[in-house]
Amino acid sequence: MTDYTLAEASAGLRAGDVSSRELTDRALDRAAKTEAELHAYLTIDHDGARAAAESADSAFAHGRDAGPLQGIPVALKDNLITRGIETTAGSQILAGFVPPYDGTAVQRLKGQGSVVIGKTNLDEFAMGSSTENSAFGASRNPWDTNRVPGGSSGGSAIAVAAGSAVVGLGSDTGGSIRQPASLCGVVGVKPTYGLVSRYGLIAFASSLDQIGPITRTVDDAVTALEALAAHDPLDATSYRGSFPNFRAELDDAVDGLKIGVVRELSGDGFEPDVDAAFQRTIDSLSAAGAEVIEVSLPSMDVSLSAYYLIAPAEASSNLSRFDGVRYGLRKDGRTVEEMMTATRAEGFGPEVTRRILLGTYALSAGYYDAFYRQAQKVRTLVIRDFKAAYEKVDVLVSPTSPTTAFEIGAKTQDPLSMYLSDICTIPSNLAGDPAISVPVGLDRDGLPIGFQIMAPALGEAVMFRAARAVEDLVAFDQRPSMLEVWT
Ligand code: GLN
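Just so we're clear, the structure is a prediction, and the values are computed from it rather than from any experiment. (Residues numbered from 1 in each chain as written. Predicted model: local features only at pLDDT ≥ 70, side-chain atom pairs only at ≥ 80, totals over all residues. Heavy atoms only, no water.)

J.: Please explain the side chain of asparagine 141 as it appears in this structure.
T.: Among the structural elements, asparagine 141 can be located in the loop between strand S3 (115-120) and helix H5 (154-162). Setting aside anything within four residues of it in sequence, one finds asparagine 141 in contact with Leu38, Arg147, Val148, Pro149, Leu183, Cys184 and Ala405. (Helix = DSSP H or I, 4+ residues; strand = E, 2+ residues; numbered from the N terminus. Contact = heavy atoms within 4.5 Å.)

Take a look at the structure:
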């Protein structure tokens, strides 16, 4: 039995070839077979999933159709607030927290009849690139279980790659949807900032965070984003204008499309197989009639440094709400201050602590001008560089990640080498622009390689056009070989 894509499942449900209950049981069964090895999920909601599947099947039986997500098994990153289901953000400080409401993205999927299989593992508070920073244990890559799935949305990428969900939701602050999608051989989208409501997403760095889908195909990503994107009065940064038609250019040929190759995002530090797959993809785009132009964006070289001031600065503020008074863990102390100190010392892991210290330092009097203000200036340069580039080209491309999946433990002792995993993905977050990762091949060890396409704000239509072209030209159809054992 093969795993359904969203398009196939959706068609199958409407043709009566498969029921939501069957799709759901299949996802739960796959999880039962794989979770001991992969640990994609922190919580699996068996009863809730079966009940949602039954209500989707009954809706179909009564001719009620809420759209393509109806009856589809989805996996939600555990920093998305879910009513009645424990939500931890991968942190000890929130262990046992059962929210009283659903975030907007979750509510939209449920309102359109999706079946929530469970909550997926992540780096604590989405800080990391390997899912090893989870307080509840690392996750493993389905292509090679000695390796990381990437992160921080590692669990959702694994669930889609291994077939324990059809669609995964992640959040992307500096690459956390695209990089794990790349390392797990699936498609991941970071939408334009503001298109998907952040209400009910546990905040990491609010000016950078976006929710987005992880799927097996580009078409599925478009469908999922259509379901998610909408104005939301509950998110002050939610986009208010008219929403683009994401599908408008999906079937247009790549002929005449102007594609900019970012000079700064290749070469030194990129694995040779990653570079080769990237080059091959560029060559086929060019052979298919795209106009390939090399562009230089000098600010790319400093965007990583700027990100590691801005993101921790915002995090240090956002995470001040975890004080032992309102949610989750509380340690004893003789005074309120002692209680808060003890709670935070015990509740936060080492990477989160590092970010809070870094962010507090960058914002403190006397250092603000030297660090935070400088970083904001770099952010402006990044935005300007992108603007100038998009006068000349329709989309920009790079590898998604300089490496394929690395071994578990390989980078845990060296934060800087971990941070470098996001060198190609961070600039789009700083600019607020959309970007997608599409799988384009395997390296010599059989590990997936991702190709990133970036577009100007609200340029999802042209981004998806280029992504679909890459998907068609490359025709990547590999799945993890362990699926034969797990199926
Ligand atoms: N890896 C980056 C970080 O650790 C990005 C994380 C993310 O996008 N949430 O901050």
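Alright, that's what it looks like, and here's the rest.
J.: What is the right way to read the sheet that holds strand S6 (residues 210-215) from this model?
T.: Where strands meet in a sheet, backbone hydrogen bonds hold them as pairs that are either parallel or antiparallel. Pairing is mixed across the open sheet formed by 11 strands, whose spatial order is S1-S3-S2-S4-S6-S5-S10-S11-S9-S7-S8. This sheet does not close on itself; its edge strands, each paired only once, are strand S1 (41-44) and strand S8 (291-295). Looking at each pair of strands side by side, their axes are set apart by 30° on average, direction ignored. For strand S4 (residues 167-172) and S6, the ladder comprises 5 bridges, and the chain directions are antiparallel. Of the residues in S6, the one forming a bridge with leucine 169 is proline 213. Contacts from helix H7 (residues 218-228) reach S4, strand S5 (187-190), S6 and strand S10 (435-442), with the element oriented near 145° to S6. (Pairing = 2+ DSSP bridges. Axes fitted to C-alpha atoms, helices over the stretch in contact; angles between N-to-C directions.)

J.: Explain the pairing of S10 to me, please; I cannot follow it from the model alone.
T.: Sheet faces and side chains relate simply in a regular strand, where the side chains alternate between the two faces. Burial analysis of S10 places 7 of its 8 residues in the buried class, which makes it a mostly covered element. When S10 meets strand S11 (residues 448-454), the two strands line up antiparallel, connected through 7 bridges. Its bridge partner being in S11, serine 437 is matched across the sheet by glutamine 452. As consecutive antiparallel partners, S10 and S11 are separated by 5 residues, and within that stretch glycine 446 has a phi angle of approximately 75°, a positive value. (Buried < 20%, exposed > 50% of the residue type's maximum accessible area, 1.4 Å probe, protein only.)

J.: I keep staring at the site of the ligand and nothing clicks. Help me out?
T.: Taken together, the neighbourhood of the ligand is formed by 15 residues, with Gly174, Ser176, Tyr307, Arg355 and Asp422 sitting nearest. Separating an oxygen atom of the ligand from a backbone N or O atom of threonine 173 is a distance of 2.8 Å. At a separation of 2.7 Å, an oxygen atom of the ligand approaches a polar side-chain atom of arginine 355. Starting from 300 Å² of accessible surface for the ligand in isolation, the protein chains cover 100%. Counted by class, the shell around the ligand contains 5 nonpolar, 7 polar and 3 charged residues. (Near = heavy atom within 4 Å. Polar contact = N/O pair within 3.5 Å; in protein donor to acceptor, adjacent residues only side chain to side chain. Areas by Shrake-Rupley, 256 points an atom, 1.4 Å probe, with all protein chains shown as cover. Nonpolar A, V, L, I, M, F, W, Y, C, P; charged D, E, K, R; others polar.)

J.: For this particular structure, what's the right way to read the environment of threonine 43?
T.: For threonine 43, the position within the fold is in strand S1. The spacing of threonine 43 and arginine 216 is 173 residues in sequence and 22 Å in space, taken between C-alpha atoms. Residues in contact with threonine 43, not counting those within four places in the same chain, are Ile85, Glu86, Ile117, Gly118 and Lys119.

J.: I would appreciate a short explanation of the side chain of arginine 355 in the present structure.
T.: Inspection of the secondary structure assignment puts arginine 355 in helix H11 (residues 350-363). According to the relative accessible area criterion, arginine 355 is buried, its value standing at 1%. Sequence-distant contacts of arginine 355, defined by excluding residues within four places in its chain, comprise Met127, Gly128, Phe204, Tyr308, Pro312 and Tyr419.

J.: Could you clarify how one ought to interpret the packing of aromatic side chains in this entry?
T.: In this structure the tally under the stated criterion is 15 aromatic pairs. One aromatic cluster is present, formed by Phe97, Phe125, Phe322, Tyr327 and Phe348 through successive ring pairs. One Lys or Arg, lysine 411, reaches over the ring of phenylalanine 406 and ends 4.4 Å from the middle of that ring. (Phe/Tyr/Trp six-rings, centres within 6.5 Å; stacked < 30°, edge-to-face > 60°. Lys NZ or Arg CZ within 6 Å of the ring centre and 35° of its normal.)

Functional significance is not addressed by these values, which are geometric in nature.
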